[in-house]
Amino acid sequence: MTGFSLFSNLNLLICTLLEVLECYIISVESFIIPLLTTLLAAFWIMVPAYIPNPVAALCGGGTPIDFKKNYSDGKRILGDGKTYRGLVCGVSAGIAVGALQIWLAGTCNWDFLPQHTAASIILLSLGALLGDMAKSFVKRRIGKNRGEAWPVADQYDLVAGAFVMMLIFDPAWLFANITWQILIVIIILTPILHRSVNIIGYLLGVKKEPW
Ligand code: CTP
Ligand code: MG
């Protein structure tokens, strides 16, 4: 091999390596970082809606919201799984954590994250448990017992409730913050988190069922 062809081969190798490196940098910049930012933004938005359910499971009990009354079909309106203590503790915890998020984002200047407001954290926390109650109401109507699994509805009730509340009382915030990319992440992330937290709750003895 002549000195010239050795040099040109080396040159080719370096060029190829540089191209691979460039592709890698471009993919990090144009794909991985935006993906992580969207993931973080979706999670940040949903924290006040994710907190109420596990906290309700942790501290719920006592008087049921339906006062043990039956609906016209003879079945419970909501059932023993929906209590005032669970509702108040869950919503309060969601609002408290949301307030902490507002404080953190303000103090640390995290302006790359969606900005929560007093309205957004209240509506998301309250909406999450209202969605959960609405689901229990329908669950009783179709004859499912308290605690019985109802796939899809059990996972998305909180998202539906939170979004409906935002849509009614603060649609401007909803449309400014929930892009379609964030919506897709929320749809994928929610059942994963829901299931993981419920399995942990079940193993710790806080929840009767792992769903
Ligand atoms: N919980 C509560 N009050 C609420 C929501 C939940 O006390 N508003 C508590 C109850 O102890 C409930 C537990 O959290 O059993 C788990 O909540 P969830 O899975 O939503 O209720 P289920 O018992 O499964 O009842 P349902 O079939 O009506 O969903
Ligand atoms: Mg349940």
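Residues numbered from 1 in each chain as written. Chains lettered and ligands numbered in written order. Predicted model: local features only at pLDDT ≥ 70, side-chain atom pairs only at ≥ 80, totals over all residues. Heavy atoms only, no water.

Engineer: Quick question: what am I supposed to make of the pattern of salt bridges here?
Structural biologist: Pairs can form between side chains of opposite charge once their charged atoms are near each other. Applying the stated criterion across every chain, the model contains 10 salt bridges. Members of the salt-bridge network, linked through shared partners, are K82, D132, K135, K139, D154 and D157. (Salt bridge = Lys/Arg side-chain N within 4 Å of Asp/Glu carboxyl O.)

Engineer: Help me out: how do you make sense of the site of ligand 1 in this one?
Structural biologist: Around ligand 1 there are 18 residues in total, and K82, T83, S136, R140 and R146 lie nearest to it. Within the side chain of K135, one N or O atom sits 3.4 Å away from an oxygen atom of ligand 1. K207 has a polar side-chain atom sitting 3.2 Å from an oxygen atom of ligand 1. In isolation ligand 1 has 570 Å² of accessible area, and contact with the protein removes 91% of it. The set of elements that each furnish at least two residues to the shell around ligand 1 consists of α2 (52-59), α3 (84-107) and α4 (118-141). Among the residues forming the shell around ligand 1, the class breakdown is 3 nonpolar, 8 polar and 7 charged. (Near = heavy atom within 4 Å. Polar contact = N/O pair within 3.5 Å; in protein donor to acceptor, adjacent residues only side chain to side chain. Areas by Shrake-Rupley, 256 points an atom, 1.4 Å probe, with all protein chains shown as cover. Helix = DSSP H or I, 4+ residues; strand = E, 2+ residues; numbered from the N terminus. Nonpolar A, V, L, I, M, F, W, Y, C, P; charged D, E, K, R; others polar.)

Engineer: Please clarify how α2 should be interpreted in this entry.
Structural biologist: Working note: α-helix, 3.6 residues per turn, so residues spaced by three or four point in the same direction. By the burial criterion, the buried members of α2 are P52, N53 and A56. One side of α2 carries all its buried residues, which in axial view fall inside an arc of 100°. Looking one or two residues beyond α2, the residue adopting positive phi is G61, at roughly 135°. (Buried < 20%, exposed > 50% of the residue type's maximum accessible area, 1.4 Å probe, protein only. Arc of directions from axis to C-beta.)

Engineer: How do you make sense of the side chain of H194 when you look at a structure like this?
Structural biologist: Note on placement: H194 falls in helix α7 (residues 180-203). Once residues lying within four places of it in the same chain are set aside, the contact partners of H194 are D154, Q155, L158 and W211. (Contact = heavy atoms within 4.5 Å.)

Engineer: What should I look at first to understand unusual backbone geometry in this one?
Structural biologist: A negative phi holds for most residues other than glycine; trans holds for most peptide bonds. Unusually for a residue other than glycine, K68 sits at a positive phi of about 65°. Looking at the secondary structure, you find K68 in the loop between α2 and α3. Classification of K68 as exposed rests on a relative accessible area of 52%. Residues other than glycine seldom take positive phi values, yet V152 does so here, at roughly 75°. Its place among the elements puts V152 in the loop between α4 and α5 (153-169).

Engineer: Please explain α7 as it appears in this structure.
Structural biologist: Compared with an ideal rise of 1.5 Å per residue, which puts 24 residues at 34 Å, α7 spans 35 Å between its outermost C-alpha atoms and is within 8% of the ideal. Of all the bends found along α7, the most pronounced is centred on L189 and spans about 30°, while P191, a proline, follows it within four residues. Residues of α7 that are buried include every one of I182, V185, I186, L189, T190, H194, N198 and G201, and no others. Among the residues trailing α7, G205 stands out with phi positive, at a value near 85°. (Expected span 1.5 Å × (residues − 1). Bend = angle between axes of the 7 residues up to and from the residue.)

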